[in-house]
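Architecture at a glance
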Amino acid sequence: MGSFLEQMMKISLTAVVSGMETIAETMHEVQQKAEAPDEDENTDDPYTSAYNSVSRLAIVPLIEIAKLPITVIMKTISEATQGIQEHGEEGNEVHSGQEEEAVDQGREVVPLNAQEAALETETTLSEEAEEMYQNTIWQIGRSGRNDFQGKWAATFDYQVGTDLDEVNSPGIPHLITVQDGPKSKGAAEKLNVHFALDRDYADGELAFIYDRWGAEKDQVFVDGELLAPVGGVGKGMFKHVALSLKDVSDGDHVITITTSGETEAGGHRIDYLKLSEIEKSAEQG
């Protein structure tokens, strides 16, 4: 708003100082009339004299400017308006560019290559498909769980079924760090979740689900075989992950999570992990 008023005030100034002959002659006439004494002025009264002088200086120039050719006034207004518009567009471009740069810096995503991205897409369940996996086999932690107070570990092995309350108070790291990353409390470079199944599961009958944050790239393995890479979404940003498992036989198994990438944080948080099976009714339908 301030820029607009400033530009509008410049319209009269532009009209006065332009090099056009008509404007110069008219303003010269304005000056002469303003300086010429009024024949009817009472020179004996200093207050009246001062008032009349001020009136001439304030009003006469406006009247005389009104005598300018309409083409000159319109040309001046048009040029000033164009200047306002260009100034505004330039400011918007700079502001927009700064916002985009700030967003890019904030996202800081470790990218997947084409092969990794294809595998992630192939393995990831859609929201609709995930809804069919209603039978939870085990769940460790929950959204917003408390931080794990254990020491940093290069490899942390967690056995499902050992905690009294695996959902609310699991003894499992809440941070996964990159190799040679921060050795902070409650963190691990490699997280192994050991569990057992009491029957065989065919391709697509099981889903591994977890909530994670951050920009780093995860790798999820089942019994040492890569299930899928999981791309990050940005520094401090949330991502819900739901992956479809291949054939899994009964007996003992392990799901492993590691993360990688050169980021400022050097790792990210994991809130909860869950293994679910597809409902029989949904499977048969």
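Up top is the structure.
Residues numbered from 1 in each chain as written. Predicted model: local features only at pLDDT ≥ 70, side-chain atom pairs only at ≥ 80, totals over all residues. Heavy atoms only, no water.

1. Focus: the overall build of the protein
What counts here: Segments assigned H or I by DSSP are reported as helices when at least four residues long, segments assigned E as strands when at least two residues long, and all are numbered from the N terminus. The buried label applies to any residue whose accessible area, calculated with a 1.4 Å probe on protein chains only, is under 20% of its type's maximum; exposed applies above 50%, and partly exposed to all values in between. A contact between two residues is defined here by any heavy atoms of the two lying within 4.5 Å. Here the accessible surface of atoms and residues is derived via Shrake-Rupley with a 1.4 Å probe, and residues count as covered only by protein chains that are part of the display.
Of the regular secondary structure elements, the protein holds seven helices and ten strands. With 285 residues in all, the protein has 38% of them scored as buried. The long-range share in the protein, meaning contacts at least 24 apart out of those at least 6 apart in sequence, stands at 77%. Looking at the protein as shown, the accessible area adds up to about 16900 Å², and 53% of this sits on carbon and sulfur atoms.

2. Digging into the pattern of salt bridges
What counts, and what does not: Salt bridges are defined as contacts in which a side-chain nitrogen from Lys or Arg sits within 4 Å of a carboxyl oxygen from Asp or Glu.
Throughout the structure, instances matching the rule amount to eight salt bridges. Residues E116 and K217 are paired through a salt bridge, measuring 3.2 Å at the closest nitrogen-oxygen approach. You can see E116 sitting in helix 5 (residues 114–123) and its partner K217 sitting in strand 6 (residues 217–222), a full 101 residues away along the chain. We note a salt bridge from R199 to E277, for which the minimum N-O separation is 3.4 Å. Highlighted residues: R199 in the loop between strand 4 (187–197) and strand 5 (206–213) and E277 in strand 10 (residues 267–277), separated in sequence by 78 residues.

3. A closer look at the pairing of strand 5
What counts, and what does not: Paired strands, as defined in this entry, are two strands with at least two bridges between them according to DSSP.
Of all eight residues in strand 5, seven are buried; the element is thus mostly enclosed. Bridging between strand 5 and strand 10 involves six bridges; their strand directions are antiparallel. In the strand pairing of strand 10, R212 is matched with I270. Note that strand 5 and strand 8 (residues 238–244) share seven bridges and pair antiparallel. Note on strand 8: the bridge partner recorded for F208 is L243.

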